[in-house]
Structure formats: C-alpha cells, structure tokens
Amino acid sequence: MTTIAPLGLHHVTAIASDPGRNVEFYTRVLGLRLVKQTVNFDDPGTYHLYYGDEHGSPSSLITFFPWKDVERGRQGTGLATSTAFSVPGSSLSFWHDRLRAMNVRVDDPVTRGDDEVLRLYDHDGMVLDLVASDGDTRSGWDGVGSIPAEHAVRGLHSVTLTEKTLDATAELLTGRMSMTVASEASGSARFAMSSGGAGALVDVAADRADKGLQAGGTVHHVAFRAPDHETLTAWRAELLDSGAHVTEILDRQYFQSIYFREPGGVLFEIATEAPGFDVDEPLLELGKSLKLPPWLEPTREQIQQNLPALPPSDES
C-alpha cells in the first residue's frame, strides 16, 4: 500500500456559462484574484479561468471552463456537490450582508458539525460555502477595495463529494490516498490530508439522490497537491498497480498532472505545485492578458477571435 499522501487540495475546476459574468462574480463579488486567463487545452475555443490568492497558490484556486450556451447542471450522486472557502472566524456576518446587498442568493449561517457555514450560489447555481476558520493563517487576496483585508477569502477549505455509498470512496481516500478519518456521522465522513486544516479536507456524504448531471454550475474535477514530478510519477505507478485507469502525465503549463476517477465517479486530478502561474508573466501582471502554451501560440489570432472579451477584474 502506498505511503504517498497529497499535501492538500490543489484546485477545484467547475463548468460555467457566460465568462464575463464568471469574472465579475469571482473577482468583484467574492474578491478572488484572476490569476490566469488561458484556454481549455483540450478545447481551445473556450477559456480556462483561474482565480485564487495573490500568487495563485495551490489550495487557493478555483478554475472554470465557461461554455456560453452550456445547459444547467443538476446536483446529485457522483459529483463534488459543494466547494468551500475559508474566511476568518468573525467574517460570516460581513459576507452575509455583502452578498445580500449585491443580490446574490445566500442562505443564513448554519452550524455543521464543528463548522459555522454560510452557503451561497453563483449565477450558474454553483454551490459555494464560506466556512469560518480562525486557525487559517493564509492571507488571501486584498486587491478588492470593498472587501477589507481582515474579511478576505483565504483559500479553499474543503470539498464535498456526494456518493451512492460511502465505503468504496472511503477505502480509496484512506488507502491509496493515505488520508485519515477526521470525523464521522451517520452516512458521512470527513477525511483529512497533511495537517488536516483548511485546504486539506474532503467530506463524503452518502445519499439516495439521483445521479447528478455534470454541466453548468457543477464541479468538473477536484485536484490534489503533489510536491513535484517525481511524486506524481510515483502516484501514477501506484494507481496503475491498483487497477485504476489513469491518464499519462499531462503538461498543464502551470503544473503537471494526472487524472483518474474515484469509485463513485468523481474525476480526480493530482497536480504538481510547480512551476506556478508566474512562469509566463510577472506576478503583478497575473491574469491581465490571454496566455497560451507554446503549442497553441501559432493559432493565437484564431483563438482570440473566437473568445469573447472579458470585463476588467478589478474595481476600476
């Protein structure tokens, strides 16, 4: 059995509709930094937009494939059904007031286990949670003037997988992925990586709901952190030995990664921490212009003609 363990979440990638509305929501409403404008390497006719902290640090990132005419998805089994971000412990009332004032659909804060949680929904119905996390020392992004630094989103907190049954997914997470069981309840469990704090948690809930429909407003895949190419190679070998169907190691320009499906059907990615998002533009310029990998540069003009213009990602 492997002793290789992910360091935490790397990113969550979801499906959106209008790219302009996506930029406005995640930068101006949630206050994340647009750290990279690029394209879906497997479908260069659509953007791949990355949002996170100042550096685009692993575990701060949510990314989107925005297909303008995509149908609305449906939450259900076999999907990651909520993506949670960490905010300071005293910030839920600030966020509740802010979101209501901006006409964002938001529920009242609730207690789930040991967490105080505020649930909201983006314009595509994407389920997002803000979790009060006093122990999270990450700084987040303070580039949105209407969000005081003391209330800024710190980064990813956790993801929730909804499955028909818990056992097979739990076996993968505690076995091949070396996670520990942090807590258990009837039909659900929380799994921890590394120190088990914000950015290193996976919740799994068993549900009799219908199978989900992966489309607009749903998660495409969940990515976990590997420190380097050597570790990624070892991961791939371990997964192949276990009988999993694993992709080749793919060059994603800002990291290298592999993909496979966990037993309940959710697509997992394991991604390296390097080289990072400043490999093709300086830190101060992150996300301000379209960046393409070398193999797509010869078709830049055609790609740009097919992509809609994006709104500014700041408050100017």
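Right above here is the structure, for reference.
Conventions used here
Residues numbered from 1 in each chain as written. Predicted model: local features only at pLDDT ≥ 70, side-chain atom pairs only at ≥ 80, totals over all residues. Heavy atoms only, no water. Helix = DSSP H or I, 4+ residues; strand = E, 2+ residues; numbered from the N terminus. Buried < 20%, exposed > 50% of the residue type's maximum accessible area, 1.4 Å probe, protein only. Core = buried A, V, L, I, M, F, W, Y, C linked by side-chain atoms within 4.5 Å. Contact = heavy atoms within 4.5 Å. Phe/Tyr/Trp six-rings, centres within 6.5 Å; stacked < 30°, edge-to-face > 60°. Lys NZ or Arg CZ within 6 Å of the ring centre and 35° of its normal. Pairing = 2+ DSSP bridges. Axes fitted to C-alpha atoms, helices over the stretch in contact; angles between N-to-C directions. Salt bridge = Lys/Arg side-chain N within 4 Å of Asp/Glu carboxyl O.

K.L.:
Honestly, unusual backbone geometry in this entry has me stumped. Any pointers?
P.N.:
Keep in mind that most residues, glycine aside, have a negative phi and that most peptide bonds are trans. In this structure, proline 275 follows alanine 274 across a cis peptide bond, with omega equal to 10°. Mapped onto the elements, proline 275 comes out in the loop between β16 (267–272) and α5 (300–306). Unusually for a residue other than glycine, asparagine 103 sits at a positive phi of about 60°. The class of asparagine 103 is exposed, set by a relative accessible area of 73%. Residue glutamine 253 is not a glycine yet carries a positive backbone phi of 70°. Tracing the backbone shows glutamine 253 in the loop between β14 (250–251) and β15 (256–261). Residue class for glutamine 253 comes out buried when judged on its relative accessible area of 16%.

K.L.:
What is the right way to look at the nonpolar core in this model?
P.N.:
Within soluble globular proteins, side chains that are nonpolar tend to cluster in buried spots. Counting 69 residues, the largest nonpolar core has Tyr26, Trp95, Val202 and Phe268 as the members making the most contacts within it. Once you skip the residues sitting within four places of it in the chain, tyrosine 26 turns out to touch Gly31, Leu32, Tyr51, Ile62, Phe64, Asp122, Met126 and Leu128. Val35, Leu61, Phe255 and Ala271 belong to the second largest nonpolar core, which has eight residues in total.

K.L.:
Can you walk me through the packing of aromatic side chains in this structure?
P.N.:
For any pair of aromatic rings, geometry is given as the distance between the ring centres together with the angle between the planes. Per the stated rule, a full pass over the model turns up 13 aromatic pairs. Taken together, a centroid distance of 5.5 Å and an interplanar angle of 85° make the contact between phenylalanine 94 and tryptophan 95 edge-to-face. Across the pair, tryptophan 95 and phenylalanine 94 agree in class, each one buried. Ring-pair connections join several aromatic residues into one group, and the members of that group are Phe25, Tyr26, Tyr51 and Phe64. Across from the ring centre of tyrosine 121, 3.8 Å away, lies the NZ or CZ of arginine 105, which sits over that ring.

K.L.:
Which parts of the structure should I look at to understand the sheet that holds β14?
P.N.:
To summarise the sheet geometry, strands pair through backbone hydrogen bonds and adopt either a parallel or an antiparallel arrangement. With mixed pairing, the eight strands of this open sheet are ordered in space as β2-β3-β4-β1-β13-β16-β15-β14. Each of the sheet's edge strands pairs with one partner strand only, and the pair in question is β2 (33–40) and β14. Bridge analysis of strand β13 (residues 219–226) against β16 gives five bridges, and the strand direction is parallel. Residue arginine 225 lies in a different strand from β16, and its bridge partner there is alanine 271. Docked against the sheet, helix α1 (residues 19–29) engages β1 (9–16), β2, β3 (43–52) and β4 (61–66), running at close to 10° with respect to β3.

K.L.:
How should the pattern of salt bridges be read in this particular structure?
P.N.:
When charged atoms on two side chains of opposite charge get close, those side chains can pair. One pass over the full model with this rule turns up 13 salt bridges. Linking aspartate 280 and lysine 36 is a salt bridge whose minimum nitrogen-to-oxygen distance equals 2.6 Å. A residue pair is termed long-range when its members are at least 10 positions apart, and aspartate 280 in the loop between β16 and α5 and lysine 36 in strand β2 qualify at 244 residues. Of the residues examined, lysine 36 reaches a relative accessible area of 0% and is grouped as buried.

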